[in-house]
Amino acid sequence: MIRVALIPGDGVGPEVLPVARRALEAAGAGAGVEYSFEELPWGADHFLATGETLPPEAEKRLKSEFDAILLGALGDPRVPGNEHARDILFGLRFGLDLYVNLRPVRLLHPDLCPLKPRPDGARRAIDLVVFRENTEGAYVNMGGNFKRGTPDEVAINEDLNTYKGVKRIVRTAFEYAVERGRPRVTMCDKANALAFAHGLWRRVFAEVAAEFPFLKTEVEYVDALAMKLVRHPEHYSVIVTSNLFGDILSDEASALVGGLGLVGSANLHPGRLGMFEPVHGSAPDIAGTGTANPMAAVLTAALLAEHTGAPAVAAVLEGAVAAALAEGVATPDAGGAGSTGEVGDWICRWIERSA
Ligand code: NAD
Ligand code: IPM
Ligand code: MN
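Below or above, wherever it landed, is the structure these notes cover. Residue indices begin from 1 for each chain and proceed along its sequence in written order. Here chains are named by letter from A upward and ligands by number from 1 upward, in the order in which they appear as written. pLDDT decides what is reported in this predicted model: residues at 70 or higher carry local features, side-chain atom pairs at 80 or more are listed and counted, and totals for whole chains, interfaces and linings draw on all residues regardless. Only hydrogens and water are set aside; all other atoms, that is, all heavy atoms of the structure, feed into the side-chain values.

**Examining the overall build of the protein chain**
A helix here means a DSSP run of H or I that spans at least four residues, while a strand means a run of E at least two residues long, and both kinds are numbered starting from the N terminus. For the protein chain, the helix and strand inventory stands at 11 helices and 12 strands. As defined in this context, the radius of gyration uses C-alpha atoms, and a globule is described by 2.2 Å times the residue total to the power 0.38. Since a compact globule built from 355 residues should have a radius of gyration of about 20 Å, the 20 Å found for the protein chain is in line with a globular shape. Principal-axis analysis of the C-alpha atoms gives the protein chain an extent of 60 × 55 × 40 Å. Looking at the protein chain residue by residue over its 355 residues, the buried ones come to 52%. In this description, contact between two residues means that some pair of their heavy atoms is separated by no more than 4.5 Å. When contacts within the protein chain are restricted to residue pairs at least 6 apart in sequence, those whose partners lie at least 24 apart make up 75%. Accessible surface, the protein chain as shown: approximately 15,400 Å² in total, 54% of it carbon and sulfur. On the protein chain, the mean spot of the 34 positive side-chain charges and the mean spot of the 46 negative ones are 6 Å from each other. Residue burial is assigned from relative accessible area. The probe radius is 1.4 Å, only protein chains are included, and a residue is buried under 20% of its type maximum, exposed over 50%, and partly exposed in between. Shrake-Rupley sampling with a 1.4 Å probe provides the accessible areas, and residues are treated as covered by the protein chains on show and by no other component. Neither His nor the chain ends contribute to the count of charged residues, in which Lys and Arg are positive and Asp and Glu negative. For the purpose of locating charges, the reference atoms are NZ of Lys, CZ of Arg, CG of Asp and CD of Glu.

**Observations concerning the sheet that holds strand β1 (residues 2-9)**
Pairing between sheet strands relies on hydrogen bonds along the backbone, with the strands arranged either parallel or antiparallel. Here, a strand pair is defined by DSSP locating no fewer than two bridges between the strands. With respect to topology, 10 strands assemble into an open sheet ordered β2-β1-β3-β12-β11-β4-β5-β10-β8-β9, the strand pairing being mixed. Strands with a single pairing partner mark the edges of an open sheet, and in this sheet they are β2 (35-39) and β9 (216-221). When the angles between neighbouring strand axes are averaged without regard to direction, this sheet yields 25°. Strand direction decides the pairing type here: strand β8 (residues 184-189) and β9, joined by 6 bridges, are parallel. What sits directly across from Asp189, in β9, is Tyr221. Angles run from 0 to 180 degrees between N-to-C directions of axes, and those axes are lines fitted to C-alpha atoms, restricted for helices to the stretch in contact. Here helix α6 (residues 195-209) sits on the sheet and contacts β5 (127-133), β8, β9 and β10 (238-241); the angle it forms with β9, its principal contact strand, is near 175°.

**Let's talk about the pattern of salt bridges**
In what follows, salt bridge is the name for a side-chain nitrogen of Lys or Arg lying within 4 Å of a carboxyl oxygen of Asp or Glu. Going through the model one piece at a time under the given rule, you end up with 21 salt bridges. For Arg78, the salt bridge goes to Asp45, with nearest N and O atoms at 2.7 Å. Linking Arg78 in the loop between β3 (68-73) and α4 (83-95) with Asp45 in helix α2 (residues 44-50), this pair joins segments that are 33 residues apart in sequence. The exposure class assigned to Arg78 is partly exposed, which follows from its relative accessible area of 49%. Under the relative-accessibility criterion, Asp45 is labelled exposed at 54%. For Lys190, the salt bridge is made with Asp223, and the minimal N-O distance between the two is 3.1 Å. Taken together, the residues span a long stretch of sequence, with Lys190 in the loop between β8 and α6 and Asp223 in helix α7 (residues 222-231) at a distance of 33 residues. The class of Asp223 is partly exposed, set by a relative accessible area of 45%. Taken together, the salt bridges that share partners define one network made up of Glu38, Arg61 and Glu65.

This is how it looks when you write it as structure tokens:
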């Protein structure tokens, strides 16, 4: 029995998460893996009603009662300061020390790629994984405002990078490349401008790369990489980078495979409780319209299955999404005319039939 804590959250989170849950239940039933779910109310509604963001005992409870967390999205226009989202999302990423943010970006149907055909006429074949450092960098919320609201205001957000923190994410990316037979690890930084912090990344990358001489390695500045990613995405296989660059590059990469509705993510610390969430946010612009793409949530459920010991369940979930796309069953963002519910039903029925 895999015990899943469900945090639907805000906006489209509660619209797509039920699809992920049903798909996981159905795929699990077919593979002899049982999933149990308990819903946790943390999000904007709960914050506005009670003033509570992440309860004080949350971390302890999650660690003792669950095997995985499945999160929808957090962010609500009624909370313009975003404090509940920060407390919950960062509270869990940092509190559980989930230093790996793994974001696989794969083109599941050729029509979803907005790029022209490759110069050699071959079909686009995008299949890369972003390893985003998830507990340091510009996200540590160190800094402050001095003389706030005056013409003399000073605003500081520190970018914190530690040898241990950089080394563990870089090493994880290399180990993943070896395990999955991936040919190349690219490190993305801005060492030409951020000489101290990203100088550390370069030194650590060289140190770890020396342990894996059979892998191709390269380092690229983030500006150039962001450009090359849209010119020749097939080149990239494993990209390891900082928290902020990983955030940005994963959204960019998702645009090459159909958009945010098609990319899931895993927040991991090997051997510990992981948290799984789509790369997309709460999408307030489409929330309540029934058009949110549930596929990112289903692919997120696949990551959950994979990292809780059921790769067969993961394969079925990915297969279901690919099958829907092959049949033209999709929401408008992915070129279809289906609603969240219609696409979700189709995916779940496909899973039940294939079980
Ligand atoms: P967003 O990812 O919510 O939306 C960006 C664009 O992509 C929007 O046009 C949206 O309609 C579209 N989109 C996103 N998910 C989609 C889906 N499943 N199907 C179809 N279209 C989809 O990013 P944003 O608008 O910058 O942020 C909105 C809120 O979400 C903010 O409060 C932000 O902080 C938060 N956010 C939360 C998370 C998270 O909880 N993991 C991630 C990103 C953003
Ligand atoms: C993501 C999101 C978050 C991040 C936001 C909501 C703070 O964009 O998970 O990619 O930047 O990590
Ligand atoms: Mn993001």
